[in-house]
Amino acid sequence: MPTLSDSFLTALGLIVSGDADLIEIVALSLRVSLTAVLLAALIGLPLGAVLAVVRFPGRGLLIVVVNALMGLPPVVVGLVVYLTFSASGPLGVLEFLYTPAAMIVAQTVLVTPIIAALARSTLADLLGEYDETLRVLGANRFDVVATLLWDGRFSLATALLAGLGRALAEVGAVMLVGGNIDHVTRVMTTAIALETSRGALPLALGLGIVLLLITLVLNAVVLGVRNRMEAHAHA
Amino acid sequence: MPDPTPRVIPFQPPRPADPPALRIEGLCLSRSGAALLNGVEMTLSPGGVTALLGPNGAGKSLLLRVIAGLIAPDAGRVIVPRAMQGRIGLVLQRPVLLRRSVAANLRHALALARVPRRHRAPRVGELLALGNLEALADRPARRLSGGEQQRLAIIRALAANPLLLMLDEPTAHLDPQATHAIEALVARVTEGGTKVILVTHDTGQVQRLADEVAFLHQGRCHEIAGKSAFLTHPESAAARAYLTGKLLL
Amino acid sequence: MSILRAALLTLAATPALANDPVVLVQSTTSTQNSGLYAHILPVASEALGLDIRVVAVGTGQALGNAQRCDGDMLITHARAAEEAFVAAGYGTARHDLMYNDFVIVGPSDDPAGVAGADSATEALSRIAAAESPFASRGDDSGTHQKELNLWDGIADVAAASGGWYRETGSGMGATLNLAVGMGAYTLTDRATWLAFENRGDHVILNQGDPALFNQYGVIPVNPAHCPNVNAEGARAFTDWLLEDGQAVIAGFMLDGEQLFFPNAGD
Ligand SMILES: Nc1ncnc2c1ncn2[C@@H]1O[C@H](COP(=O)(O)OP(=O)(O)OP(=O)(O)O)[C@@H](O)[C@H]1O
Ligand SMILES: [Mg+2]
């Protein structure tokens, strides 16, 4: 069994040496997951806001479904996206399979329910506070959604971070639809899975530590920027 | 979200004679079996300040919400003069300011009132001057002091030039100077022709600001009269008890 | 849809090595985990002007993926399944590529006494008799299919599953990690074992039985079945593997040991 200190040394060595393969893998991880979170935000934030604001038949059911989808196993999403983009699947012509595009789609599917559900609950709380005020001021539903999204943006940053964490951490979906192809679709988590299957546990854990550090830095940066902006602009 | 638009509840076909003043007829509202408004009847004078008095829990805040169209009554109606329709401002008992700067709160209200973009900046300037908040324009609204927040909430309600402004205990927690600032603001607003309904527990404030007084108790309007008449010779037993601090809830 | 596709492709632009045509190989994992591809692909890409990409999964999954046309060619090690794949018209032809052998590994204290067995079947019989834990891939991979063939007539492993016979349902590496962790015996190809770094105190206990022969095959996917495949590229890489590539495969060493023995000409 590798000791943790071995792994920390490996992680440190990887970072200090600026290993080119590692940089490539980290860059692809970030590119895929950040793009997926961006797309998921474009879908999930308005969806969450509409679920918080607009009453319509089936809304309660939809909220339950979106919340349940937060727990989707990545490998199931991977399988569905794989079958969709397979050459013999409905969208095979797009030739997304085994490219970062398929990985982005899979992670977008994974992350959208998280962002939508967290946004809905955040914005529902905010609506409870704002509802009467906005109505007295003459707001229509669209105004209410826009106001909530803007005034809730600092809380929503947390929802985006939760989504990003899930995207960066998952392996099941990107492994299936990306194929873990060296220099093409290999990301942090699939590299960790590969090294684990090679029995190179210190390296695998070292990569895991690097991933953790990246996630830490991303969270610190986003929360730091958020707190600064929040302190300056609002209260 | 319930539709915010109806200002007359329930909607009535145009009436032959447009009433000059706000009228409330047989307003009833119950929640979980308790009658909160229990047949409120009143006709307000067309201008000036009407003070709405009554003990805690009388239904004053609820009545303002119904007039503003935030709550639909179970029975009865609020008849708003046609000119006043869609031009009603309400400052809640606990005003909610947006998580934005003072000026951005005002810009937001102007945008919701569909004021064209190019007119907004000058109007924001006017409103800030009216509330004496120019120096605080760029401060986060929710960081203002209680009195400053009240002033901001009032000028925000004035953004769209309402013809009816309802203020729910705007000076409840304020020191004498802040109270004075708000009373001065209310006086200016009425001079501009806007009808004001003011909920207050402060008879001194009634003395200084009000033209008439409506007395609400247990969801019913017991009396509506001119200020001096009400303060010196209240007609209803409930109002008499209230003014002498002997009202049993 | 086309705008979405263009946007996604821009955002997701693959870090193309060059604009060489892509050949996608559906492969068994042992060839990847041992480092063989890292050794031969640069040479082959250079020689052929191809961007050769490998998706390493179990042989069963590789055959399934190729059958769905998600690959241009296959490198696998389950002869019967490979021949069935070609017979069904999914592949153009199956060629012997190289071989190595399977070995039985287990804890060095060898509770079932496997080390003294003079054949693989004898070794497995002793494991079954002692009911010592045995970790099976259980994933329809080439190794799993070989293992099931070996058990045939020795023990009813399906009945023992969950008892001393443990099916991991995962790849060779995960199965080895598990076998090391719980002190179980397992069957692995020699290349994966030699490249495996987490051996603990596990050692090779049985080897050399001709029944443990491990033949790898290469199959170009049939363009008649999958019109989308890069048949030309697959043909070129297959030919290279069967000719010039043979020496390159033979030259792949780990700790001074040759891992794969080319036998395309045999
Ligand atoms: N949504 C509601 N559901 C049930 N009861 C309510 C609701 N809103 C108000 N009430 C009750 O209606 C009564 C009148 O409330 P309201 O806020 O109008 O009192 P008020 O006259 O403004 O009192 P105060 O002087 O304390 O502000 C109170 O007893 C209150 O508890
Ligand atoms: Mg009140």
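This text follows the structure it describes.
Now for a description of the structure that goes with this document. What you see is a predicted model, and the numbers here were worked out from it, not measured in a lab.

Now for the pattern of salt bridges. Two side chains carrying opposite charge are able to pair once their charged atoms lie near each other. Summed over the entire model, instances satisfying the criterion amount to 24 salt bridges over all chains. A:Glu129 is paired through a salt bridge with B:Arg142; the nearest N and O atoms lie 2.6 Å apart. Taken as a pair, A:Glu129 in helix H5 (residues 100-136) and B:Arg142 in the loop between helix H3 (117-130) and helix H4 (146-157) lie in two separate chains rather than in one. Note on A:Glu129: relative accessible area 28%, which makes it partly exposed. Look at the salt bridges and you will find they share partners, linking C:Arg79, C:Glu82, C:Glu83, C:Arg94 and C:Asp96 into a network.

Our focus in this paragraph is the interface of chain A and chain B. Contacts between the two partners involve 26 residues from chain A and, on the opposite side, 25 residues from chain B. Carbon and sulfur atoms make up 52% of the surface buried where chain A meets chain B, a total of about 2500 Å² over both sides. Inspection of the chain A/chain B interface yields five salt bridges. The partner of B:Arg114 in a salt bridge is A:Asp143, and the shortest N-O contact between them spans 2.5 Å. Joining chain A to chain B, the criterion identifies nine residue pairs in polar contact (both at pLDDT 80 or more). Listing elements by their share of the side of chain A that touches chain B, those giving two or more residues are H5, helix H6 (141-151) and helix H10 (201-233) of chain A. If one sorts the elements of the side of chain A that touches chain B by residue count, H5(A) sits on top with nine residues. Residues of the side of chain A that touches chain B, tallied by class, amount to 12 nonpolar, six polar and eight charged.

It is worth spelling out the coordination of the magnesium ion (ligand 2) at this point. Residue and element names in this part refer to chain B. Within the protein, the magnesium ion (ligand 2) binds to Ser61 (OG) and Gln93 (OE1); these donor distances fall in the range 2.0 to 2.2 Å. Note that Ser61 is positioned in helix H1 (residues 60-68) and Gln93 in the loop between strand E5 (88-91) and helix H2 (102-112), a separation of 32 residues in sequence. The exposure class of Gln93 is partly exposed, given its relative accessible area of 34%.

We now examine the state of the cysteines. As used in these notes, a disulfide is a covalent bond between sulfur atoms, one from each of two cysteines. Residue and element names in this part refer to chain B. Under the definition given, this model contains one disulfide over all chains. The thiol of Cys28 is unpaired, and the distance to the nearest cysteine sulfur, on Cys221, comes to 13 Å. Exposure remark for Cys28: the relative accessible area of 24% places this residue in the partly exposed category. Relative accessible area serves as the criterion here: at 15%, Cys221 is assigned to the buried category.

Turning next to the interface of chain C and chain A. The partner chain A presents 33 residues to the 31 residues of chain C that form the contact. Around 2600 Å² of area is buried between chain C and chain A when both sides are counted, 59% of it from carbon and sulfur atoms. At the boundary of chain C and chain A, one finds one salt bridge. Residues A:Arg198 and C:Glu197 are paired through a salt bridge, measuring 3.4 Å at the closest nitrogen-oxygen approach. Inspection of the chain C/chain A interface yields 14 residue pairs in polar contact (both at pLDDT 80 or more). Of all the secondary structure elements, the ones that give two or more residues to the side of chain C that touches chain A are helix H1 (2-11), strand E1 (22-27), helix H2 (29-33), strand E2 (51-56), helix H4 (59-67) and helix H9 (172-182) of chain C. When grouped by side-chain class, the residues that make up the side of chain C that touches chain A number 16 nonpolar, 10 polar and five charged.

All names here are of chain B. A sheet is described by the order of its strands in space; here six strands give the open sequence E5-E6-E7-E3-E8-E9, paired in mixed fashion. Only two strands of the sheet have a single partner each, and these edge strands are E5 and strand E9 (220-226). Across this sheet, the average inter-strand angle for adjacent strands is 15°, counted without regard to direction. Strands E5 and strand E6 (164-168) of the sheet are contacted by H4, whose axis makes an angle of about 165° with E5.

Conventions adopted
- Residues numbered from 1 in each chain as written.
- Chains lettered and ligands numbered in written order.
- Predicted model: local features only at pLDDT ≥ 70, side-chain atom pairs only at ≥ 80, totals over all residues.
- Heavy atoms only, no water.
- Salt bridge = Lys/Arg side-chain N within 4 Å of Asp/Glu carboxyl O.
- Helix = DSSP H or I, 4+ residues; strand = E, 2+ residues; numbered from the N terminus.
- Buried < 20%, exposed > 50% of the residue type's maximum accessible area, 1.4 Å probe, protein only.
- Contact = heavy atoms within 4.5 Å.
- Buried area = accessible area lost by both parts, 1.4 Å probe.
- Polar contact = N/O pair within 3.5 Å; in protein donor to acceptor, adjacent residues only side chain to side chain.
- Nonpolar A, V, L, I, M, F, W, Y, C, P; charged D, E, K, R; others polar.
- Donors = N, O, S within 2.8 Å, 3.2 Å for Na, K, Ca; no water.
- Disulfide = S-S within 2.5 Å.
- Pairing = 2+ DSSP bridges.
- Axes fitted to C-alpha atoms, helices over the stretch in contact; angles between N-to-C directions.

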